[in-house]
Amino acid sequence: MDRPVELLALAVSVARSASDLARRMRADGVAAVATKSTATDVVTAADRAVERHVRERLHEARPGDAVLGEEYGGERDRAPVRWILDPIDGTVNYLYDLPQYAVSLAAEVDGVVVAGVVRNAATGREWTATRGGGAFAGDRRLAVSGETDLAQALVGTGFGYAAQRRLHQARVLAGLIGHIRDIRRFGAASIDLCMVAEGTLDAYYEKGLNPWDHAAGGLVAAEAGALVTGLDGAPPGPDMVIAAPPGLHPALHDRLSELDAAGGP
């Protein structure tokens, strides 16, 4: 059962039950808020409960697989499939009851993400993709924006939790914003990438993303026609993730490279 369509079917089923749990726990009130890397980097009881739920469901269905999750980690091993999970992407939004937080779950085979789902737990909106099979929102096949002029592009981004990183990112944004239509910051990278896939955003970039932030959303964006890269030939990763249509990507990439967007703390 390692075909992408079968892995996606399991991912969707698990993500739906996980998002239901996250939404129910939010309705009951956010409990046990703690912090991680900084005082603004929060984790809730729901983050951990949702991750445990997903791990249990995956283990029941495929006990030989590995899981890498934001809250409980996980090491790469010889498992046939590794699942990459963000139980609640957009925890600050979740904390403030802003309806932009998601369960993001991807299946990776031999180091390549082959299936992924991002489900906005607040609204039920769901995006899916399989490698080579396209990207979808429900039954609608997705395609990126046709915008080719950076000056007309609506661009999404995000910011880190550490103050020094935010300051560097602010300097990058200051150097970019005069060259684009406008900027948007929604607070959930997986959803931002899906918004590029459907053309709601023309492009997106961010420094500091972990695999669980972009594994599923990055596949959705790529299967909708986006180029999903790092800077200066690097793959997408913690230094930089850029997602943009082929006609827009070079101009955005080059401007970000000039601004040393992958640099700083």
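Structure first, text after, so check above.
For clarity, every value in this text was computed on a predicted model and none was experimentally measured.

Enquirer: Is there a simple way to think about the sheet that holds strand β6 (residues 112-120) in this case?
Expert: Sheets are built from strands that pair by backbone hydrogen bonding, the pairs being arranged parallel or antiparallel. Strand order in this open sheet of seven strands is β3-β4-β5-β6-β7-β8-β9, and the pairing throughout is mixed. In this open sheet, the two strands that pair with only one neighbour each are β3 (66-69) and β9 (140-141). The sheet contact formed by β6 and strand β7 (residues 126-130) spans five bridges and is antiparallel. Across the sheet, V117 pairs through a bridge with T128, a residue of β7. Helix-sheet contacts for helix α1 (residues 4-27) involve β4 (82-89), β5 (102-109), β6 and β7, and the interaxial angle to β6 is about 30 degrees.

Enquirer: Is there a simple way to explain the packing of aromatic side chains in this structure?
Expert: For any two aromatic rings, the description comes down to two numbers: the centre-to-centre distance and the angle of the planes. All told, the structure shown has one aromatic pair when counted by the stated rule. Positioned over the ring face of Y94 is R26, at 6.0 Å from the centre of the ring.

Enquirer: Can you walk me through the pattern of salt bridges in this structure?
Expert: In this structure the tally under the stated criterion is 12 salt bridges. With a shortest N-O distance of 2.9 Å, D20 and R23 are connected by a salt bridge. With a gap of three residues between them, D20 and R23 both fall in helix α1, about one helical turn apart. The exposure class assigned to R23 is partly exposed, which follows from its relative accessible area of 35%. We note a salt bridge from R82 to E108, for which the minimum N-O separation is 3.0 Å. Here R82 is found in strand β4, whereas its partner E108 is found in strand β5, with 26 residues between them in sequence. E108 matches R82 in its accessibility class, with the two residues each being buried. Taken together, the salt bridges that share partners define one network made up of R16, R119 and E126.

How each quantity is defined
- Each chain has its residues counted from 1, following the order in which its sequence is written.
- The model is predicted, so local features are restricted to residues of pLDDT at least 70 and side-chain atom pairs to those at 80 or more, both for listing and for counting; the totals for chains, interfaces and linings are taken over all residues.
- The side-chain figures draw on all heavy atoms in the structure; neither hydrogens nor water molecules are used.
- DSSP-based pairing: two strands are paired if at least 2 bridges between them are found.
- Helical segments are the DSSP runs of H or I of at least four residues, strand segments are the runs of E of at least two, and each set is numbered from the N terminus.
- The contact definition used throughout considers only heavy atoms, calling two residues in contact when any of these lie within 4.5 Å.
- Angles shown run from 0 to 180 degrees and are taken between the N-to-C directions of axes, each axis being a line fitted to C-alpha atoms and, for helices, limited to the stretch in contact.
- Here a Phe, Tyr or Trp ring, Trp counted by its six-membered ring, pairs with any other such ring whose centre lies within 6.5 Å, and the pair is stacked when the planes are under 30 degrees apart, edge-to-face when over 60, and tilted otherwise.
- Comment: the charge-over-ring label is applied if NZ (Lys) or CZ (Arg) is within 6 Å of the ring centre and within 35 degrees of the ring normal.
- In the sections that follow, a salt bridge refers to a side-chain nitrogen of Lys or Arg positioned within 4 Å of a carboxyl oxygen of Asp or Glu.
- For each residue, the accessible area found with a 1.4 Å probe, counting protein chains only, is set against the maximum for its type, and the residue is called buried under 20%, exposed over 50%, and partly exposed in between.

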